[in-house]
Amino acid sequence: MSAPDSRTSSRLDVVVEVRVRQGWARVRAAWFPILQASIAAAIAFAIAKYAVGHPYPFFAPVSAWVALGFTSDRSVRRVAELAVGVAIGVALGDLLVHLIGNGAWQVAVVLFLAAIIARFIDRGQMLTTQAGVQALVIVGLPAISATGGPLGRWIDAAIGGAVALAVALLTPRDPRRHPRTLARAAVEDLAGVLRILARGLRTGSTADVEDALVRGRASQPALDEWSETATSAGELARVSPTIRKHRAELAGLAADAVHIDRAMRNARVLARRCLAAVEAQTHDMTTIAAQVEATARAADELAVALGAGRDPERARAQLLAVAGALDPFRLAARDWQVQSLVLLHRSLIVDLLEAARVPPQVARDSLPEI
């Protein structure tokens, strides 16, 4: 295999490895909510079929599954929005299909009325979306699926929504768990990028530096998911009295997601600049390699702290020690290219310090003056 082909294969392996790790992290976070929603859908189906006597209770499991979803974000308001939206759409669609039949113009009428009624009832966008979608489904379904008269399918949807609400009300939940899990995974990705980059700098391996850059690029979906999840949980904490006590930590996790995203972007910039320096094979990279490795160890500590929801005291101390050593003129007195790499590292360390709950000015002041 030629060198370019080998390098391409290595990059593909890195991307696949990162994607698989991120996929398993999502599965670990979602398997229990998915199990709950699946069981709730089965219970709704059984109630509608065996207790109510509907031979085709299609909308009972649909309503339960749509309302619960597959994530741990199950506020009572959100579940109620979705359940009511499904019920409105099914009821209106069923009623109008019995009155005016189905066809092209009926689709427009049903969708318009469902959305107008949903907007009148509540401001929730999910309610309006589900009302319209379920009304369209009713218009498109064959008549054989309608059981129990004009309101039969609405009864099925109401059963599913009731089961979903019962699950949301009775299931204990901690809104911090999912953001914490995502935070740990994302910061561990950053630590992995830095560790591989440090190895490449120490050994002069361009392949390692390229792998670090590829890993950094592949990690962006995990960072985006963490940011979205933490922001959503924080918004929920502002309006939900049961989880308001967690508002400060959730806001901190959302802010940390921004800092780690910046740190990862800076790590990618650093890796790109390091690649040219390593390819030249004329620079002494041992000092900056040691600092990048120390930063990776501190990031590992930060990942553990964020995942456990505790103060990142150890990570903060390690990061402050690295920051104090990032003097470009001391680490590379006569090599301006290595000095430029140290300057990039300084930006990265400030982002990590802020994620470790160091005030911005203190983080910048911890760097040696230049």
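Residues numbered from 1 in each chain as written. Predicted model: local features only at pLDDT ≥ 70, side-chain atom pairs only at ≥ 80, totals over all residues. Heavy atoms only, no water.

Chemist: Outline helix H4 (residues 104–121), listing residues and values.
Modeler: Compared with the 26 Å implied by 1.5 Å per residue over 18 residues, the 26 Å span of H4 between its first and last C-alpha is a close match. Residues Gln106, Val110, Ala114 and Ala118 constitute the buried set of H4. Buried residues along H4 cover an arc of 85° about the axis, so they all sit on one side. With respect to the buried face of H4, the exposed residues turned more than 90 degrees away are Ala104, Trp105, Phe112 and Phe120. (Helix = DSSP H or I, 4+ residues; strand = E, 2+ residues; numbered from the N terminus. Expected span 1.5 Å × (residues − 1). Buried < 20%, exposed > 50% of the residue type's maximum accessible area, 1.4 Å probe, protein only. Arc of directions from axis to C-beta.)

Chemist: Any details on the nonpolar core? Residues and values, ideally.
Modeler: Grouped together as the largest cluster of nonpolar side chains are 63 residues, with contacts concentrated most on Leu197, Leu201, Trp226, Ile260, Leu302 and Ile349. Residue assignment for this core shows that the elements contributing at least two residues are helix H7 (177–203), helix H8 (206–218), helix H9 (220–239), helix H10 (247–280), helix H11 (286–308), helix H12 (313–325) and helix H14 (336–355). At 13 residues, H10 tops the list of elements feeding residues into this core. Beyond its immediate stretch of four places on either side in the chain, Leu201 contacts Val209, Cys274, Val278, Met285, Ile288, Ala289 and Val292. Judged by nonpolar contacts, the second largest core, of 17 residues, contains Ala44, Ala67, Val79 and Ala164. (Core = buried A, V, L, I, M, F, W, Y, C linked by side-chain atoms within 4.5 Å. Contact = heavy atoms within 4.5 Å.)

Chemist: Which residues make up unusual backbone geometry, and what values do they have?
Modeler: Residue Gln281 is not a glycine yet carries a positive backbone phi of 55°. Tracing the chain through its elements places Gln281 in the loop between H10 and H11. Here Arg357, not a glycine, exhibits a phi torsion of approximately 70°, which is positive. Checked against the element boundaries, Arg357 lands in the loop between H14 and helix H15 (360–365). Of the residues examined, Arg357 reaches a relative accessible area of 41% and is grouped as partly exposed.

Chemist: So, the pattern of salt bridges: which residues are in play, and what are the values?
Modeler: Applying the stated criterion to the full structure yields 10 salt bridges. A salt bridge links Asp300 to Arg195; the shortest N-O distance between them is 2.1 Å. With Asp300 in helix H11 and Arg195 in helix H7, the pair connects residues that are 105 residues apart, well separated along the chain. What makes Asp300 partly exposed here is its relative accessible area of 28%. The partner of Glu301 in a salt bridge is Arg314, with the nearest N and O atoms 3.3 Å apart. Of this pair, Glu301 sits in helix H11 while Arg314 sits in helix H12, placing them 13 residues apart in sequence. The exposure class assigned to Arg314 is exposed, which follows from its relative accessible area of 54%. Bridged by salt links that share partners, the residues Arg176, Arg180 and Glu249 form one connected network. (Salt bridge = Lys/Arg side-chain N within 4 Å of Asp/Glu carboxyl O.)

Chemist: I'd like to hear about H8, residue by residue, with values.
Modeler: In this model H8 runs 18 Å from its N-terminal to its C-terminal C-alpha over 13 residues, within 8% of the 18 Å that 1.5 Å per residue would give. Taking burial as the measure, the 13 residues of H8 include 10 buried ones, the bulk of the element. Listed as buried for H8 are Asp208, Val209, Glu210, Asp211, Ala212, Leu213, Val214, Arg215, Gly216 and Ala218.

Chemist: Can you explain the side chain of His259? Please cite residues and give values.
Modeler: You can see His259 is positioned in helix H10. A relative accessible area of 12% places His259 in the buried class. Ignoring anything within four residues of it in the chain, the contact list for His259 reads Asp351, Glu354 and Ala355.

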